[in-house]
Amino acid sequence: MLRLVVMPRLPLVASLLLILGACGGKVSDPSPSPGATAQPSPTASPTAPPSSTAPPSPTPPSPTPPSPTTPPTPTPTTTPPPGPIPTGPVNACGLLQGDPEANLQGFGRAGAVSIYEVSAVDEECSGLGGTHVTLRRRGGCDSALVVHFGGHGCMGQLWTVGDLAIVGVAPEPGSVNNPGWCLNAVVPWNGVARAIRKLGPGERDAQVLASYGCTP
């Protein structure tokens with residue numbers, strides 16, 4: 001017959017430990033041991049977004065307003081100063097010696113040519129004789145209003161009142177008063193003709209003046 005051994009009653013906790021020890025099991029006490037410090041579980045930091053490796057897009061430059069264009073300064077056209085009035089030996093009629101047309105061109109370059117109209121013709125009654133022609137200015141580039149042409153011994157000049165002429169004028173005022181030579185009505189002048197040419201039929205004042213470089 002089996003003999004039952006009656007074990008004294010152990011506390012419930014001790015009985016359980018013995019049973020678990022016999023079975024090779026372990027019991028973990030979930031409560032922390034005295035003095036131990038609870039370590040906080042690591043908290044996962046938020047993951048930073050990956051940095052972009054693409055180059056930054058270029059910023060378009062701000063439009064620069066166009067600078068105002070300064071118009072070119074026009075170069076002033078300067079008229080060359082007039083040349084000197086031709087001078088030199090003169091004949092009995094007071095005209096420059098040499099080529100008459102070249103002399104007129106010289107007065108044109110000097111700005112001393114004008115269109116004149118014959119207002120009087122006086123003939124000397126001296127033994128030698130001579131023709132004195134008074135001309136009044138119609139327009140041109142000379143300021144002499146009354147011009148004298150001719151003189152003592154100036155012969156062969158066929159001029160009548162109303163004739164038109166292009167005249168190269170020297171600014172030499174003068175007068176003549178010689179009743180013995182029938183020259184007591186000659187009008188005083190403020191210029192003398194040093195070159196002269198009658199205008200032909202159909203010649204216009206402006207065209208003739210322009211041909212000698214004179215624009216009134």
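Residues numbered from 1 in each chain as written. Predicted model: local features only at pLDDT ≥ 70, side-chain atom pairs only at ≥ 80, totals over all residues. Heavy atoms only, no water.

A.B. asks: Tell me what's going on with the packing of aromatic side chains, and back it up with residues and numbers.
C.D. replies: Counted under the stated rule, the structure contains one aromatic pair. Aromatic pair Phe149 and Trp159: ring centres 5.7 Å apart, planes at 70 degrees, arrangement edge-to-face. On the criterion of sequence distance, the pair formed by Phe149 in strand E3 (residues 146-152) and Trp159 in the loop between E3 and strand E4 (164-170) is long-range, its members being ten residues apart. Residue Trp159 is classed as buried on the basis of its relative accessible area, which comes to 11%. (Phe/Tyr/Trp six-rings, centres within 6.5 Å; stacked < 30°, edge-to-face > 60°. Helix = DSSP H or I, 4+ residues; strand = E, 2+ residues; numbered from the N terminus. Buried < 20%, exposed > 50% of the residue type's maximum accessible area, 1.4 Å probe, protein only.)

A.B. asks: Tell me what's going on with the pattern of salt bridges, and back it up with residues and numbers.
C.D. replies: The final tally for this structure, using the stated rule, is five salt bridges. A salt bridge links Asp163 to Lys198; the nearest nitrogen and oxygen atoms lie 3.6 Å apart. In this pair, Asp163 sits in the loop between E3 and E4 while Lys198 sits in strand E5 (residues 191-198), placing the two residues 35 residues apart along the sequence. On the basis of relative accessible area, Lys198 is assigned to the partly exposed category, the value being 36%. Across the salt bridge formed by Glu172 and Arg194, the nearest N and O atoms sit 2.8 Å from each other. (Salt bridge = Lys/Arg side-chain N within 4 Å of Asp/Glu carboxyl O.)

A.B. asks: Account for the environment of Ala120, with residues named and values stated.
C.D. replies: Within the secondary structure, Ala120 is located in strand E1 (residues 113-123). A residue is classified by how much of its surface remains accessible, and Ala120, at 22% relative accessible area, is partly exposed. Residues Ala120 and Val187 lie 67 residues apart in sequence; the distance between their C-alpha atoms is 8.7 Å.

A.B. asks: Go over the state of the cysteines, please, and point to the residues and values.
C.D. replies: As enumerated under the stated definition, the model contains three disulfides in all. Linked covalently through their sulfurs, Cys93 and Cys154 form a disulfide whose S-S length is 1.8 Å. Its torsion about the S-S bond being 90 degrees, the disulfide of Cys93 and Cys154 is classed as right-handed. A residue pair is termed long-range when its members are at least 10 positions apart, and Cys93 in the loop between helix H1 (12-22) and helix H2 (100-109) and Cys154 in the loop between E3 and E4 qualify at 61 residues. Judged on exposure class, the residue Cys93 and its partner Cys154 are both buried. Numbered by order of appearance in the sequence, the disulfide-linked cysteines of the chain pair as 1-4, 2-5, 3-6. (Disulfide = S-S within 2.5 Å.)

A.B. asks: Can you lay out the pairing of E5 for me, pointing to particular residues and giving the numbers?
C.D. replies: Among the eight residues of E5, six are classified as buried, and the element is accordingly described as predominantly covered. As defined by bridge partners, E3 adjoins E5 across two bridges and the pair is classed as parallel. Counterpart to Val147 in the pairing with E5 is Gly191. Sheet topology note: the E4/E5 ladder contains six bridges and is antiparallel. Paired with Val169 across the strands is Ala193, a residue of E5. (Pairing = 2+ DSSP bridges.)

A.B. asks: An account of the environment of Gly108 is needed here, citing residue identities and associated values.
C.D. replies: Relative to the elements of secondary structure, Gly108 occurs in helix H2. In this structure Gly108 comes out as buried when scored by relative accessible area, which is 6%. Aside from chain neighbours lying at most four places away, what touches Gly108 is Val113, Tyr212 and Gly213. (Contact = heavy atoms within 4.5 Å.)

A.B. asks: Please provide a residue-by-residue account of the sheet that holds E1, values included.
C.D. replies: Pairing within the closed barrel is mixed, and its five strands lie in the order E1-E2-E3-E5-E4. Sheet twist, expressed as the mean angle between neighbouring strand axes with direction ignored, is 50 degrees. The strands that H2 touches are E1, E4 and E5; relative to E5, the one it contacts most, it runs at about 125 degrees. (Axes fitted to C-alpha atoms, helices over the stretch in contact; angles between N-to-C directions.)

A.B. asks: Hey, could you go over H2 for me, with residue numbers and the actual values?
C.D. replies: By the burial criterion, the buried members of H2 are Asn103, Leu104, Gly106, Phe107 and Gly108. At its buried positions, H2 is contacted by E1, E4 and E5.

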